[in-house]
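# Coordinates in review
This is what each chain is made of:
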Amino acid sequence: MVVHINKGLQNRKKIYFVSDVHLGAPALKDNKIRETLFVRWLNEISPAAAEIYLMGDIFDFWFEYKSVVPRGFTRVLAKLAELTEKGIPVHFFTGNHDAWVFDYLPSETGVILHREPLQTELFGKKFFLAHGDGLDADDRGYLILRKIFTSRTLQRFFSWLHPNIAFGIAHKWSEFGRKSKSIAGHDFRNEEEGIYKFAESVIRNGHVDFFVFGHRHRIADMKVGDSSRMILLGEWIESYSYGIFDGEQFEVNKYQNRNV
């Protein structure tokens, strides 16, 4: 568990959070449009942004070979580099779809990479931030699968595959994962959910003002305990949603400027 306290945010007024953009998903027909909109959104929020948190599954799949990186995403990578060069911290959390980020993305774009949940203080409020996968202790099947996918041995074997084969396999698996998540998401049970129970377990050891998660492709704002809130950020497949924190209020909005 990483604990990070950020200072010096006074010059800008808002902190932004977004998750599950799934750029490059072959099963989705509007990838270029979504990429254009995502870059436009990043550009529009940048004047007010103290920090930007990309909360996982920004890419539908990402894998860096030693000398090869995924084709595409030029606009997004250029915008991320531009933002970090302006001094705006951009945090990139690996999700279950883009877990195989290594050194290329942070070194080329300047994003701050997080592979584990992050506890941090933002504008004087305590945040617990994570993509949201692997937090349900009862989902043993997924926890085993997650250990497999984070295995360095598997990553090394995967790198031996030709990229055309490797990415073909990966995108098929990603499509299956999105469909399964969509079906499960219709039965979101709030307090019965493993991720909610996880948040309850965290506050037993200390106060947290806001839990912010992605992964579930659902928008939610729920009270946890007496004074904590759990935010689910939604996705950029249908909702085009994002979180915004101004130091007092946390809101989840939908991006409206979608005329391309």
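See the structure printed just above.
Structural notes, computed from the coordinates. The model shown is predicted, which means the values in this text are computed figures rather than measured ones.

### Digging into the overall build of the protein
Looking only at helices and strands, the protein has seven helices and 12 strands in total. Taken across its 260 residues, the protein has 48% of its residues classed as buried. Considering only contacts in the protein between residues 6 or more positions apart, those separated by 24 or more positions represent 68%. Total accessible area on the protein stands at roughly 13,200 Å², and carbon and sulfur atoms take up 51% of it.

### Looking at the sheet that holds strand E4 (residues 90-93)
Within a beta sheet, neighbouring strands are joined by backbone hydrogen bonds and run either parallel or antiparallel to one another. Reading across from one edge, E5-E4-E3-E2-E11-E12 is the order of the six strands in this open sheet, with mixed pairing throughout. Looking along the sheet, the strands with just one partner apiece sit at the ends: strand E5 (112-114) and strand E12 (250-254). Pairwise comparison of adjacent strand axes, ignoring direction, gives a mean angle of 20° for this sheet.

### Section: the packing of aromatic side chains
To describe a pair of aromatic rings, one takes the distance between the centres and the angle between the planes. Enumeration according to the criterion identifies 25 aromatic pairs in this entry. Pairwise contacts between aromatic rings join Phe 17, Tyr 53, Phe 93, Phe 123, Phe 127, Phe 210, Phe 245 and Phe 250 into one cluster.

### Notes on the pattern of salt bridges
With the rule as written, the count across this model stands at four salt bridges. Close ionic contact of Glu 82 with Lys 79 constitutes a salt bridge, the shortest N to O distance being 3.2 Å. A residue pair is termed a helical-turn pair when its members lie 3 or 4 positions apart in one helix, as Glu 82 and Lys 79 do in helix H2 (residues 74-85) at three residues. Taking the relative accessible area as the measure of exposure, Glu 82 reaches 30% and is therefore partly exposed. We classify Lys 79 as buried; its relative accessible area is 9%. Close ionic contact of Glu 193 with Arg 216 constitutes a salt bridge, the shortest N to O distance being 2.6 Å. Here Glu 193, found in the loop between helix H6 (163-185) and helix H7 (194-203), pairs with Arg 216, found in the loop between strand E8 (210-213) and strand E9 (219-224); they are 23 residues apart in sequence, far enough to count as distant.

### Regarding H2
Compared with the 16 Å implied by 1.5 Å per residue over 12 residues, the 16 Å span of H2 between its first and last C-alpha is a close match. When we look at burial in H2, the residues that qualify are Val 76, Leu 77, Lys 79, Leu 80, Ala 81, Leu 83 and Thr 84. If you follow the buried residues of H2, they end up packed against helix H1 (31-45), strand E3 (49-54), E4 and helix H3 (104-109). Positive backbone phi, approximately 95°, marks Gly 87, located one or two places after H2.

### Section: the nonpolar core
Ranked by internal contacts, the top residues of the largest apolar core, which has 32 residues, are Phe 38 and Trp 41. Of all the secondary-structure elements, those providing two or more residues to this core are strand E2 (14-18), H1, E3, H2, E4 and strand E11 (241-245). Residues contacting Phe 38, with those up to four places away along its chain left out, are Val 18, Val 21, Leu 23, Leu 54, Ile 58, Val 76 and Trp 236.

### Brief notes about the packing of H1 against H2
The interhelical angle for the contact between H1 and H2, taken along N-to-C directions, is 10°, at an axis separation of 9 Å. Between H1 and H2, the crossing angle belongs to the class labelled roughly parallel. Together, Lys 32, Glu 35, Phe 38, Val 39, Leu 42 and Asn 43 of H1 and Thr 74, Arg 75, Val 76, Lys 79, Leu 80 and Leu 83 of H2 make up the contact between the two elements. Broken down by class, the residue content of the contact of H1 with H2 amounts to six nonpolar, two polar and four charged.

### Considerations on the environment of Thr 74
Counting through the fold element by element, Thr 74 comes out in helix H2. Sequence separation between Thr 74 and Glu 35 is 39 residues, and the spatial gap between their C-alpha atoms is 9.5 Å.

### Points about the pairing of strand E6 (residues 118-122)
Here E6 shows a clear split, with Leu 118, Thr 120 and Leu 122 buried on one side and none of Gln 119 and Glu 121 buried on the other. Two elements, E6 and strand E7 (residues 125-130), share five bridges in a ladder whose sense is antiparallel. Residue pairing across strands places Leu 118 opposite Leu 129, the latter belonging to E7. Between E6 and E7, which pair antiparallel and follow one another directly, the connecting turn spans two residues, one of which, Phe 123, has a positive phi of 50°.

What counts and how
- Residues numbered from 1 in each chain as written.
- Predicted model: local features only at pLDDT ≥ 70, side-chain atom pairs only at ≥ 80, totals over all residues.
- Heavy atoms only, no water.
- Helix = DSSP H or I, 4+ residues; strand = E, 2+ residues; numbered from the N terminus.
- Buried < 20%, exposed > 50% of the residue type's maximum accessible area, 1.4 Å probe, protein only.
- Contact = heavy atoms within 4.5 Å.
- Areas by Shrake-Rupley, 256 points an atom, 1.4 Å probe, with all protein chains shown as cover.
- Pairing = 2+ DSSP bridges.
- Axes fitted to C-alpha atoms, helices over the stretch in contact; angles between N-to-C directions.
- Phe/Tyr/Trp six-rings, centres within 6.5 Å; stacked < 30°, edge-to-face > 60°.
- Salt bridge = Lys/Arg side-chain N within 4 Å of Asp/Glu carboxyl O.
- Expected span 1.5 Å × (residues − 1).
- Core = buried A, V, L, I, M, F, W, Y, C linked by side-chain atoms within 4.5 Å.
- Parallel < 35°, antiparallel > 145°, perpendicular 65-115°, else oblique.
- Nonpolar A, V, L, I, M, F, W, Y, C, P; charged D, E, K, R; others polar.

Everything listed is a geometric property; what it means functionally is a separate question.
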